[in-house]
Amino acid sequence: MMARLMALVEERVEARRRGIAAAALEAGVEEALVEGEVVRLSGAGLKRRWMGDLALREAGRNNGRAWR
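Parameters at a glance
Residues numbered from 1 in each chain as written. Predicted model: local features only at pLDDT ≥ 70, side-chain atom pairs only at ≥ 80, totals over all residues. Heavy atoms only, no water. Helix = DSSP H or I, 4+ residues; strand = E, 2+ residues; numbered from the N terminus. Buried < 20%, exposed > 50% of the residue type's maximum accessible area, 1.4 Å probe, protein only. Contact = heavy atoms within 4.5 Å. Salt bridge = Lys/Arg side-chain N within 4 Å of Asp/Glu carboxyl O. Polar contact = N/O pair within 3.5 Å; in protein donor to acceptor, adjacent residues only side chain to side chain.

S.K.: It is not clear to me how the side chain of Arg-17 should be interpreted in this structure. Could you clarify?
M.R.: Inspection of the secondary structure puts Arg-17 in helix H1 (residues 2-26). Using a relative accessible area of 10% as the deciding quantity, one classes Arg-17 as buried. When neighbours within four sequence positions are excluded, Arg-17 is seen to be in contact with Glu-10, Val-34, Gly-36, Glu-37 and Val-39.

Below, the structure is given as structure tokens:
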């Protein structure tokens, strides 16, 4: 039973990471990749956009772990 619960939790966490990547792409980030426990984002001026774009910050905040 414990193994099944752990599998369900991992499925949920993975779905959350995919949600973060999808939200970032929707907000205009050029590239969003899920690599293990990390969602990697890249694009020109991403840090500036992150600080200036409330929708982009909220995508990370509302979808789980902080982006790295």
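What follows continues from the structure just given.
S.K.: Explanation requested: the pattern of salt bridges in the structure shown.
M.R.: When the charged atoms of two side chains with opposite charge come close together, those side chains can pair. The tally for this structure, following the rule as stated, stands at 4 salt bridges. Between Arg-18 and Glu-14 there is a salt bridge; the shortest N-O distance is 4.0 Å. Placement of the pair is Arg-18 and Glu-14 together in helix H1, with a separation of 4 residues, close to one helical turn. By relative accessible area, which is 24% here, Glu-14 ends up partly exposed. Of the charged contacts, one joins Arg-40 and Glu-35 as a salt bridge, the two residues approaching to 2.5 Å between their closest N and O atoms. The class for Arg-40 is partly exposed, based on a relative accessible area of 42%. Residues participating in the shared-partner salt-bridge network are Glu-10, Glu-14, Arg-17 and Arg-18.

S.K.: Would you mind going over the environment of Glu-35 with me for this structure?
M.R.: Within the secondary structure, Glu-35 is located in strand S1 (residues 31-35). Glu-35 sits in the partly exposed class, given a relative accessible area of 39%. For the pair formed by Glu-35 and Arg-17, sequence separation is 18 residues and the distance between their alpha carbons is 9.3 Å. Within polar-contact distance, the side chain of Glu-35 engages the side chain of Arg-40 at 2.5 Å.

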